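Analysis of the macromolecular model
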Amino acid sequence: MNRKGGVSLVGLIMLVISSSIGAGIYNASQQLAAVATPGPALLAWLIVGIGILGLALSLKSLSETHPELTGISDYAKAGFGNFAGFLSGWGYWLSAWIGNIAFATMMMSALGYFLPVFKSGNSGPAIITASIISWLLTWLVVNGVENAAFINSIVTIVKLVPLVAFILLGLVTFNAGIFTAHFWQNFSSNFTYSVATPSGIFEQIKHCIMIMMWIFIGIEGATMMANRARRRTDASRATIIGFISLLILNVVISMLPYGYLTQAQLAHVGNPALTYVVEQMLGPVGGAFVSISLILTVMGTWLSWTLLPVEATSQMANEHLLPQWFGRLNRHRAPANSLWLTQVLLQLFLVSLLFTNQAYQVAISFCTAAIVVCYALVGAYQIKVGWAQHSLKLMAPGIVALGFEVLGIIFAGLQYLWLCSIAYVLGFVFYWWAAHEQHRQLTSFEWLVMIIITLAALLAMVALVIGRIVLN
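Below is a summary of the structure that appears in this document. Values in this document were obtained by computation on a predicted structure and should not be read as measured data.

**As for the packing of helix α5 (residues 82-111) against helix α15 (residues 336-352)**
Axis separation between α5 and α15 bottoms out at 10 Å; the angle between their running directions is 45 degrees. Taken as axis vectors, α5 and α15 run oblique relative to one another. Viewed along their axes, α5 and α15 form a crossing whose handedness is right-handed. Contacts between α5 and α15 involve W93, W97, I98, N100, I101 and A104 from the first element and T342, L345, L346, F349 and L350 from the second. In terms of residue class, the contact of α5 with α15 is made up of nine nonpolar, two polar and no charged.

Encoded structure:
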């Protein structure tokens, strides 16, 4: 079905790319070098590529076989009931706006290349500046989602230019001898490990996967905006095209620095890594150029992730998983109530960054832990759809996606998933409110799960206070 004034295929592709290309791609090479040599890192990319491909194919398939469903929470609800839909949608909403915290701190650190007062990413001036930008982005989306998506397309094109330029520069300066010097952790003649890295190949791959999962969050951007697409089929096409583009960009950009600096040098460059790698290649002018491109990149991603969380809450309101207040649209067809509430919570979190030195790492860990639950439910529903049609072909991408995301939950840090239970308790209030609006009684199973999660949340708070859970 065609919709006049909807988001175009190009706009959806740009949304997928912009949603996923954020601060992670600029810092991935340093993070990978700190835990792995090139060989295990490439194997990890292969594993993650297959896993995310399973997710992308599941999203594409569900978008085509169930066009009446829109977004991740709809898939969970259709497959496993109202409460699963709520858990998925609320987790997605949490992941999206907490991810914005990571973008805010990284953008401020990029500004710190020019103005040292911003370098920590969470100084007083940095928090004030990030808050102003966040409120402005919310105002922009409140005044028209389609307009914001158009602006996002322009920003995405602008921010891809320096990344392509780095690829060309990296290819010119690439040294195969440096790249292969410690390719597999440098086995000795009797197959014992050298000290190139502190752990074995499996551990290296495991730690790489944790880093790479964060980079691909946002791959579902086109699916979340499917109901605003000019054509419904564009959402599934945009997901696959976006995935292929992202995989190529991320693998090339994260691995090229291994061929310019030794692993030890790369592991100890400043953050964001790409800034300081290019600075060594071209001098301060190169570092400044990358810092500016990072600022533009984060701005575009921040805009995308201002769109995505409110799409989740408005869709949940339409499905009666949240009160209708969340889905109420203003004259610009934007869910203003949900946008402003999300912005208030984001602002409170931003202020809390004044009291931590691990803001970026904690934010991406929470973000990843919350989103893999949503992705796992997508895979599970794809399996269910394939099973109902007796089609192994349909089940296959779901099996790959579910298996990968379950491993991802483990690798992302179960303690962060445990802490996410605290945020779910607040959501239960809204879920009960939505049920009350529909004159629907919560089932015994729903009450049981809510009680279990609430107890887990209480235990998580106790563990946090007594130091059994350490955020790092």
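**Re the packing of aromatic side chains**
Applying the stated criterion to the full structure yields 20 aromatic pairs. Plain terms: the ring middles of F83 and Y431 are 5.4 Å apart, the flat faces sit at 70 degrees to each other, and that makes the pair edge-to-face. Of this pair, F83 sits in helix α5 while Y431 sits in helix α17 (residues 392-437), and the two are 348 residues apart along the sequence. An identical accessibility class is assigned to F83 and Y431; each is buried. Pairwise contacts between aromatic rings join F83, F86, W90, W93, W97, W325, F326, F428, F430, Y431 and W433 into one cluster.

**Some thoughts on a nonpolar patch on the surface**
On the surface, W432, W433, W447, I451, L455, L458 and M461 cluster together to form a nonpolar patch covering roughly 710 Å² of accessible area. Counting only elements with at least two residues in the nonpolar patch, the list comes to α17 and α18 (444-466). If one sorts the elements of the nonpolar patch by residue count, α18 sits on top with five residues. For M461, a relative accessible area of 36% puts it in the partly exposed group.

**Examining empty space enclosed by the protein**
Enumeration over the complete set of coordinates arrives at three cavities of 30 Å³ or more. Of the pockets and cavities examined, the largest cavity occupies roughly 90 Å³. Along its surface, the largest cavity is lined by 14 residues, and N100, T138, T306, T342 and Q343 are the ones closest to its centre. Within the residue set of the lining of the largest cavity, elements represented by two or more residues are α5, α6 (124-142), α14 (284-318) and α15. In terms of residue count, the dominant contributor to the lining of the largest cavity is α14 (five residues). Size it by volume and the second largest cavity reaches roughly 60 Å³. What lines the second largest cavity is I52, L55, M213, F216, I217, I219, T368, I371, V372, Y375 and E405. Put simply, the parts of the chain that give the lining of the second largest cavity at least two residues each are α3 (38-65), α9 (201-216) and α16 (359-388). The element that contributes the greatest number of residues to the lining of the second largest cavity is α16, accounting for four residues. Its residues placed into classes, the lining of the second largest cavity shows nine nonpolar, one polar and one charged.

**Notes on the side chain of S421**
The topology assignment puts S421 in helix α17. Those residues in contact with S421, other than ones at most four positions away along the chain, are I453, A456, A457 and A460.

**Brief notes about the pattern of salt bridges**
Tallied over the full model, the rule gives three salt bridges. K77 serves as the salt-bridge partner of E319, at 3.0 Å between the closest nitrogen and oxygen. A residue pair is termed long-range when its members are at least 10 positions apart, and E319 in the loop between α14 and α15 and K77 in helix α4 (residues 72-80) qualify at 242 residues. Relative accessible area serves as the criterion here: at 26%, E319 is assigned to the partly exposed category. According to the relative accessible area criterion, K77 is partly exposed, its value standing at 21%. Close ionic contact of R440 with E446 constitutes a salt bridge, the shortest N to O distance being 3.6 Å. For E446, a relative accessible area of 5% puts it in the buried group.

Cut-off values and rules
- Residues numbered from 1 in each chain as written.
- Predicted model: local features only at pLDDT ≥ 70, side-chain atom pairs only at ≥ 80, totals over all residues.
- Heavy atoms only, no water.
- Axes fitted to C-alpha atoms, helices over the stretch in contact; angles between N-to-C directions.
- Helix = DSSP H or I, 4+ residues; strand = E, 2+ residues; numbered from the N terminus.
- Parallel < 35°, antiparallel > 145°, perpendicular 65-115°, else oblique.
- Left-handed = near helix turned anticlockwise from the far one by under 90°.
- Contact = heavy atoms within 4.5 Å.
- Nonpolar A, V, L, I, M, F, W, Y, C, P; charged D, E, K, R; others polar.
- Phe/Tyr/Trp six-rings, centres within 6.5 Å; stacked < 30°, edge-to-face > 60°.
- Buried < 20%, exposed > 50% of the residue type's maximum accessible area, 1.4 Å probe, protein only.
- Patch = residues over 30% accessible without salt bridge, like charges linked within 9 Å, V, L, I, M, F, W, Y side chains within 5 Å.
- Areas by Shrake-Rupley, 256 points an atom, 1.4 Å probe, with all protein chains shown as cover.
- Salt bridge = Lys/Arg side-chain N within 4 Å of Asp/Glu carboxyl O.
- 1 Å grid on protein atoms, 1.4 Å probe; cavity = no way out; pocket = protein on both sides within 12 Å on 5 of 7 lines; lining within 4 Å.
- Points joined across faces, edges and corners; volume = space filled by probe spheres on them.

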